[in-house]
Amino acid sequence: TNKSKAMYKMSALTEEEMRTWLTKIREAMKANTDITAEITRNKKPSEHPSWSHEGYRIDVSYINDNILVSSFPPTRSDVYELKRFMDDKHKGSYKIVNVCEKHYDAAMFGENIVSYPTPSNGICRLADLWSFCEYTEKWLKEDETNVVLVHCQTGTVRSGLFVASYLIHSRVCWTSEQAIKLFKTKRENGTISAPCHKRYLKYIETSVLAGEHPEDISLLFSCITLSNSPAFNEDGSCKPYFVVFQNGEEVYEFESTESYKTEEPISFPMSLQISGDIKIQFYSVSDILGTQDMFTIHFHTFYINSSNVRFSREMIDGAHLNTFKQFTDSFSVSLEVK
């Protein structure tokens with residue numbers, strides 16, 4: 001092999017040749033270090049004006065005069081900087097909303113901080129979004145100078161979900177598309193593209209326009225059908241295993257005893273009473289590749305108004321991008337409920 005040849009050549013070197021060889025390596029390593037240091041010294045700061053906003057080391061964007069978004073303050077000094085900024089600019093008139101699952105020492109903010117822990121690869125409960133909207137509206141109505149700062153890890157995805165929810169709920173925007181566009185315009189790298197996020201924003205839009213408050217409606221979940229088999233295993237098949245979560249708690253699981261490689265529908269009958277926020281997580285099991293995530297579907301029972309609900313590939317988290325072409329373009333999932 002190339003490695004063994006290299007070892008042989010090294011062992012054949014004289015002591016003087018070895019010293020020369022090592023010197024050249026050290027010089028090359030030093031040159032690389034010097035180049036890296038030079039690049040670091042000459043690297044321009046982010047063009048985002050908020051990274052160096054009036055002397056503050058903080059990544060913050062104003063969505064409007066009363067709604068701010070920032071990234072997570074990773075160190076204690078960053079938390080102090082966030083507090084310094086908020087006290088200098090909005091002393092006595094701000095609230096901070098952390099939508100990360102991560103936490104930091106928030107004692108210095110007193111009662112001015114609240115949390116709505118949201119997973120980075122999913123959705124929070126609809127009740128959390130609704131509560132945030134009501135909390136924010138109430139605070140902002142108390143005084144026109146009041147502000148709310150929302151942050152997640154990067155201030156681009158989960159923060160966008162919460163801010164867009166508020167924009168719809170308060171009728172700053174009348175549609176979810178308008179709210180998403182406003183957030184992306186005001187927040188650099190802001191994005192709301194996950195199917196579950198778009199679905200829940202549509203839920204809020206629907207309820208606000210109808211003047212209704214969503215409730216945890218109970219339904220009987222009787223069957224789930226895949227339009228065809230995704231190609232996840234080494235032979236292009238899949239061996240499905242799925243788990244159903246209700247309001248964050250696991251309530252059902254099923255593992256198939258056979259693998260599927262077919263263009264025909266695959267159905268899994270069941271009898272399960274469900275209510276509220278539902279998550280269905282599908283995996284494929286393989287002796288060689290292990291357990292792989294296939295896709296996830298999130299929905300709320302209040303908005304299910306048909307006995308047969310179909311989710312196209314574009315509406316399914318994990319299948320919508322189809323990066324590795326493991327799903328056909330026509331792939332879909334159908335749920336039968338009563």
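The rules behind these values
Residues numbered from 1 in each chain as written. Predicted model: local features only at pLDDT ≥ 70, side-chain atom pairs only at ≥ 80, totals over all residues. Heavy atoms only, no water. Pairing = 2+ DSSP bridges. Helix = DSSP H or I, 4+ residues; strand = E, 2+ residues; numbered from the N terminus. Axes fitted to C-alpha atoms, helices over the stretch in contact; angles between N-to-C directions. Phe/Tyr/Trp six-rings, centres within 6.5 Å; stacked < 30°, edge-to-face > 60°. Buried < 20%, exposed > 50% of the residue type's maximum accessible area, 1.4 Å probe, protein only. Disulfide = S-S within 2.5 Å. pLDDT = per-residue confidence, 0-100. Contact = heavy atoms within 4.5 Å. Salt bridge = Lys/Arg side-chain N within 4 Å of Asp/Glu carboxyl O. Parallel < 35°, antiparallel > 145°, perpendicular 65-115°, else oblique. Left-handed = near helix turned anticlockwise from the far one by under 90°. Nonpolar A, V, L, I, M, F, W, Y, C, P; charged D, E, K, R; others polar. Arc of directions from axis to C-beta.

### Quick word on the sheet that holds strand E9 (residues 266–275)
Consideration 1: Spatial strand order, E9-E6-E13-E12: 4 strands in an open sheet with antiparallel pairing. Pairing within the sheet leaves two strands with one partner each, and these edge strands are E9 and strand E12 (308–312). Strand after strand, the sheet turns through a mean of 25° between neighbouring axes, direction not considered.
Consideration 2: With 5 bridges joining them, strand E6 (residues 218–226) and strand E13 (residues 332–337) adopt antiparallel strand pairing. Opposite Phe-221, over in E13, you have Val-337 as the bridge partner.

### Quick notes on the packing of aromatic side chains
Consideration 1: A complete count under the given rule lists 21 aromatic pairs for this structure.
Consideration 2: Where Tyr-200 meets Tyr-203, the ring centres are 5.1 Å apart and the plane angle is 50°; that geometry is what we call tilted. With a gap of 3 residues between them, Tyr-200 and Tyr-203 both fall in helix H7 (residues 195–210), about one helical turn apart. Both residues of the pair, Tyr-200 and Tyr-203, count as buried.
Consideration 3: Aromatic side chains Phe-254 and Phe-268 sit 5.5 Å apart centroid to centroid with 55° between the ring planes, which places their arrangement in the tilted category. With a gap of 14 residues between them, Phe-254 in strand E8 (residues 249–255) and Phe-268 in strand E9 connect regions that are remote in the sequence.
Consideration 4: Given the relative accessible area of 30%, Phe-254 is considered partly exposed.

### A look at the state of the cysteines
Consideration 1: In total, this model carries 0 disulfides according to the counting rule given.
Consideration 2: Here Cys-100 is not cross-linked by a disulfide; its sulfur's nearest cysteine counterpart is in Cys-152, at 5.6 Å.
Consideration 3: Taking relative accessible area as the criterion, Cys-100 reaches 1% and is therefore assigned buried.
Consideration 4: The cysteine Cys-196 is free of any disulfide, with Cys-124 supplying the nearest cysteine sulfur at 9.3 Å.
Consideration 5: On the basis of relative accessibility, which here comes to 2%, the residue Cys-196 falls in the buried class.

### Some thoughts on unusual backbone geometry
Consideration 1: Even without a glycine there, the phi angle at Arg-171 is positive, about 65°.
Consideration 2: Along the polypeptide, Arg-171 turns up in the loop between helix H5 (158–169) and helix H6 (176–186).
Consideration 3: On the accessibility criterion, Arg-171 (41% relative accessible area) is partly exposed.
Consideration 4: One non-glycine residue, Asn-189, adopts positive backbone phi at about 65°.

### Notes on the confidence of the model for the protein
Consideration 1: With 84% of its residues at a pLDDT of at least 70, the protein reaches an overall mean of 87.
Consideration 2: Taken together, the stretch residues 32–51 has pLDDT below 50 and engages in 15 contacts with residues farther than four places along the chain or on a different chain.

### So, the pattern of salt bridges
Consideration 1: Enumeration according to the criterion identifies 12 salt bridges in this entry.
Consideration 2: For the salt bridge of Asp-277 with Arg-125, the shortest nitrogen-to-oxygen distance reads 3.1 Å. Taken together, the positions of Asp-277 in strand E10 (residues 277–286) and Arg-125 in the loop between strand E4 (113–115) and helix H4 (126–142) put the pair 152 residues apart, joining distant regions of the chain.
Consideration 3: Asp-277 gets classed as buried once you look at its relative accessible area, which sits at 8%.
Consideration 4: Under the relative-accessibility criterion, Arg-125 is labelled partly exposed at 31%.
Consideration 5: Between Lys-202 and Glu-177 there is a salt bridge, and its shortest N-O distance comes to 3.2 Å. With Lys-202 in helix H7 and Glu-177 in helix H6, the pair connects residues that are 25 residues apart, well separated along the chain.

### Describing the environment of Arg-158
Consideration 1: Relative to the helices and strands, Arg-158 is located in helix H5.
Consideration 2: A sequence separation of 60 residues divides Arg-158 from Asn-98, and the C-alpha atoms of the two residues are 9.9 Å apart.
Consideration 3: Not counting residues up to four positions away in its chain, the partners in contact with Arg-158 are Val-99, Cys-100, Glu-101, Thr-118, Pro-119, Ser-120, Cys-152 and Gln-153.

### Some words on the packing of H5 against H6
Consideration 1: Packing of H5 against H6 leaves a shortest axis separation of 9 Å and a crossing angle of 130°. One way to sum up the angle between H5 and H6 is to call them oblique. In terms of crossing hand, the pair formed by H5 and H6 is right-handed. Contacts between H5 and H6 involve Ser-159, Gly-160, Val-163, Ala-164, Leu-167 and Ile-168 from the first element and Ser-176, Ala-179, Leu-182 and Phe-183 from the second.
Consideration 2: Class assignment for the residues of the contact of H5 with H6 results in 7 nonpolar, 3 polar and no charged.

### Quick notes on the pairing of strand E2 (residues 67–70)
Consideration 1: Residues Ile-67 and Val-69 line one face of E2 and the alternating positions Leu-68 and Ser-70 line the opposite face, and both faces are buried.
Consideration 2: In terms of strand pairing, strand E1 (residues 60–62) meets E2 through 3 bridges, oriented antiparallel. Bridging from a neighbouring strand, Ser-61 pairs with Val-69 of E2.
Consideration 3: Linking E1 to E2, which pair antiparallel, is a turn of 4 residues.

### Remarks on H6
Consideration 1: Restricting attention to buried positions, one finds in H6 the residues Ser-176, Ala-179, Ile-180 and Phe-183. Seen end-on, H6 carries its buried residues on one side only, within an arc spanning 100°. Among the exposed residues of H6, those oriented more than 90 degrees off its buried face are Lys-181 and Thr-185.

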